[in-house]
Amino acid sequence: MDCFDIAVLGGGAAGLFAALSAAHGAAEAGRRLKIAVLEKNPRVGKKLLATGNGRCNLTNRHAAAARYHGDAAPAAPVLERFPPEKAVEAFRSLGLICRELEGGRVYPYSLQASSVLNILRRNLESCGIETFCGFPVEKIEKAGGLFVLRSGGKAVRARRAIAATGGKACPQSGSDGDGFALLRPLGHTCTPLRPALVQIRTEPRRVRPLKGVRMAAQARLLSGGKVLKTTRGEVQFAEGALSGICIFDLSRAVGEAGGGAEISLNLAPEYGEEELARFLRTGAKALGDAPAARIAEGLLPKALGAEAVRAATGSPAAPAAALGESDIRRIARRIRDFRFPALGTLPWRNAQVTAGGIPLRETKEGLQSALCPGLFLCGEILNVDGDCGGYNLHWAWASGYAAGRAAARSLCAE
Ligand SMILES: Cc1cc2nc3c(=O)[nH]c(=O)nc-3n(C[C@H](O)[C@H](O)[C@H](O)COP(=O)(O)OP(=O)(O)OC[C@H]3O[C@@H](n4cnc5c(N)ncnc54)[C@H](O)[C@@H]3O)c2cc1C
């Protein structure tokens, strides 16, 4: 049975970065540790390749606790020790150049996720880190001060273990939540889990005429007369669902809102009702006998303008010139407050991230388990999830760095 200093469970973003951080931390102390990454899939980093639409938005210049949810406050020290500049610098020293695009989003210079994975794999090799792929850890035992990680008839022993098995989002990439079950016998619990950064379901007939339309908007999630959350960004109309960055950023709150929630889209947030009404009046005059559905064609995508008129007046085919002042006002209000019922989210396979996980109060310094000495945790398995825009991978690197370094330190101190 192979015996390692450190075994990392899960070869995703957090696990790979934890393994490298442990190797580098040990090297700085003049030591070389025997490190293994145990991955369920035939290859490491499957999810990484899908990130950022294949471009991998790997961090964000604004990464800080305020952009995180769940146990964001206890995660703050981990994030402070690994700010975005440090992530960019760390990748540069691994051999990857980054570039910053809109909204502080940082990508590999190549704009290809495969560059990130290739660089991580190249460094695993140069550090002598062994990867065991097709090794789904099914059981963790502790015997004689060692962790025994069992998979089928095989087993790996290690002095320290780092759990980086991810959450439940996008189970087709390998992270189906089995890590939570693995850690339960060691005393760890898990907060309720929900899909986040995911499309929001709505009435199919409401979005059918808009399928494929995209538009920058302000989106608000409303429930019981209250605004639960406001976001800005692109909204996309899909089959039975609303999608796009501003919708993804509302999706976590939909799970908490319960029944009766609605999404209100402001399709022209830069303009007040008065200004819009003036614009619409001019349009109505110019259109004359042409259908009212076209009245917002200079402002909105055609289908969206037509639906706003349909929702406001019920008669988009009526002549534009026949619209009265109250119709014009209703259309202007509808453009600023276009409502869709929020019926829940699409399922785990559509989600980018998991809301919920192992509470940070079950860890101590360096993300070491407070319940099982020698076990460290990092990444999405923990109850920390971020907004859309590079924050979740940033958490994977920051927590992987904390756990990897602390695991190496604990061995070097022996
Ligand atoms: C489509 C998509 C796009 C995304 N885009 C972005 C983006 O651009 N920017 C961003 O910041 N975030 C993005 N995310 C979120 C981000 O990818 C995740 O938050 C991050 O990958 C989590 O890293 P992790 O290592 O904790 O978990 P994972 O990446 O899920 O890795 C966990 C690994 O553990 C393995 N594993 C699970 N159980 C076992 C077991 N029992 N034994 C052995 N191995 C096991 C899995 O196979 C997997 O390889 C995206 C997510 C998706 C799904």
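Residues numbered from 1 in each chain as written. Predicted model: local features only at pLDDT ≥ 70, side-chain atom pairs only at ≥ 80, totals over all residues.

A. Broad picture of the overall build of the protein chain. Along the protein chain, the regular secondary structure elements total twelve helices and 22 strands. Dimensions of the protein chain, computed from the C-alpha atoms along their principal axes, are close to 85 × 40 × 35 Å. Counting over 414 residues, the protein chain shows a buried share of 50%. (Helix = DSSP H or I, 4+ residues; strand = E, 2+ residues; numbered from the N terminus. Buried ≥ 20, exposed ≤ 12 C-beta atoms within 10 Å, placed from the backbone.)

B. Spotlight on the site of the ligand. Taken together, 40 residues lie near the ligand, and G10, G12, G166, G174 and G379 sit nearest. Mapped by element, the contributors of at least two residues to the shell around the ligand are α1 (13-28), α2 (46-50), α6 (178-183) and α12 (391-412). If one sorts the elements of the shell around the ligand by residue count, α12 sits on top with four residues. Broken down by class, the residue content of the shell around the ligand amounts to 16 nonpolar, 18 polar and six charged. (Near = placed C-beta within 6 Å. Nonpolar A, V, L, I, M, F, W, Y, C, P; charged D, E, K, R; others polar.)

C. The arrangement of the sheet that holds strand β15 (residues 241-243) in detail. With antiparallel pairing, the six strands of this open sheet are ordered in space as β12-β15-β14-β13-β16-β17. The strands lining the two open edges of the sheet, one partner per strand, are β12 (200-201) and β17 (338-341). (Pairing = 2+ DSSP bridges.)

D. Inspection of the packing of α1 against α12 at higher detail. Packing of α1 against α12 brings their axes to within 7 Å, and their N-to-C directions diverge by 35°. Classified by chirality, the crossing of α12 by α1 is right-handed. Residue composition of the contact of α1 with α12, grouped by class: 16 nonpolar, six polar and two charged. (Axes fitted to C-alpha atoms, helices over the stretch in contact; angles between N-to-C directions. Left-handed = near helix turned anticlockwise from the far one by under 90°.)

E. Region of the structure containing the domain arrangement of the protein chain. Partitioning the protein chain into structural domains gives domain 1 (2-195 + 350-412) and domain 2 (199-345). Using C-alpha coordinates to define each centre, domain 1 is positioned 40 Å away from domain 2. Contacts between the two partners involve seven residues from domain 1, matched on the other side by seven residues from domain 2. (Domains from an automatic or database assignment. Contact = placed C-beta atoms within 7 Å.)

F. Examining helix α3 (residues 72-80) more closely. Taken together, the buried positions of α3 are A75, V78 and L79. One face of α3 carries all of its buried residues, which in axial projection span an arc of 95°. The outward face of α3, more than 90 degrees from its buried face, is lined by the exposed residues A73, P77 and E80. (Arc of directions from axis to C-beta.)

G. Structural view of the pairing of β17. Burial along β17 is one-sided: the face carrying F338 and F340 is buried and the face carrying R339 and P341 is not. Examined bridge by bridge, strand β16 (residues 262-266) and β17 share four bridges and lie antiparallel to one another. Following the sheet pairing, I263 is matched in β17 by F340.

H. Quick peek at the sheet that holds strand β5 (residues 98-100). Here we have three strands laid out as an open sheet, ordered β3-β6-β5, and antiparallel in their pairing. Two strands in the sheet have a free side with no partner beyond their single neighbour: β3 (59-60) and β5. Here two bridges tie β3 to strand β6 (residues 105-108), and the two strands are oriented antiparallel to one another. Across the sheet, the residue bridging to T59 is V106, located in β6.

I. Highlighting the environment of A407. Tracing the sequence through the fold places A407 in helix α12. In this structure A407 comes out as buried when scored by C-beta crowding, with 34 C-beta atoms within 10 Å. Placed 247 residues apart in sequence, A407 and R160 show a C-alpha to C-alpha distance of 6.7 Å. The contact partners of A407, leaving out residues within four places of it in the chain, are I6, A22, R160, I162 and F376.

J. Quick peek at the environment of L393. Along the chain, L393 falls in helix α12. Since 28 C-beta atoms lie within 10 Å of it, L393 is described here as buried. If we skip the residues at most four places from it in the chain, L393 touches A13, T51, L58 and T59.

K. Fine view of the environment of G357. Within the secondary structure, G357 is located in the loop between β18 (353-355) and β19 (363-364). Residue classification places G357 among the buried residues on the basis of 27 C-beta atoms within 10 Å. Through-space distance from the C-alpha of G357 to that of P192 is 7.2 Å; in sequence the pair is 165 residues apart. With sequence-adjacent residues up to four places away left out, G357 is seen in contact with G70, G167, C190, T191, E380, I381, L382 and N383.

L. View of the nonpolar core. Counting residues in hydrophobic clusters, the biggest one holds 80 residues, and the most contacted among them are A7, V8, A19, L38 and I162. Sorting elements by how many residues they give to this core places α12 first, with twelve residues. Aside from chain neighbours lying at most four places away, what touches L38 is A7, V8, L9, F132, F135, V137, L149 and V156. The next biggest cluster of nonpolar side chains, apart from the first, holds 52 residues, and it includes A196, V198, L221 and A355. (Core = buried A, V, L, I, M, F, W, Y, C linked by C-beta atoms within 7 Å.)

M. Spatial organisation of the pairing of β6. As paired strands, β5 and β6 are joined by three bridges and run antiparallel to one another. The residue of β6 that forms the bridge with E100 is V106. Where β5 folds back onto β6 in an antiparallel hairpin, the turn is made up of four residues, including G103, whose phi is positive at roughly 65°.

N. Quick look at helix α4 (residues 84-94). Of the residues making up α4, those classed as buried are P84, A87 and F91. In a view along the axis of α4, the buried residues occupy a sector of 55°, so they form one face of it. The outward face of α4, more than 90 degrees from its buried face, is lined by the exposed residues E85, E89, R92 and S93. Looking at the buried side of α4, the elements it contacts are β3, β5, β6 and α12. Taken from the residues just after α4, G95 is the one with a positive phi, measuring 115°.

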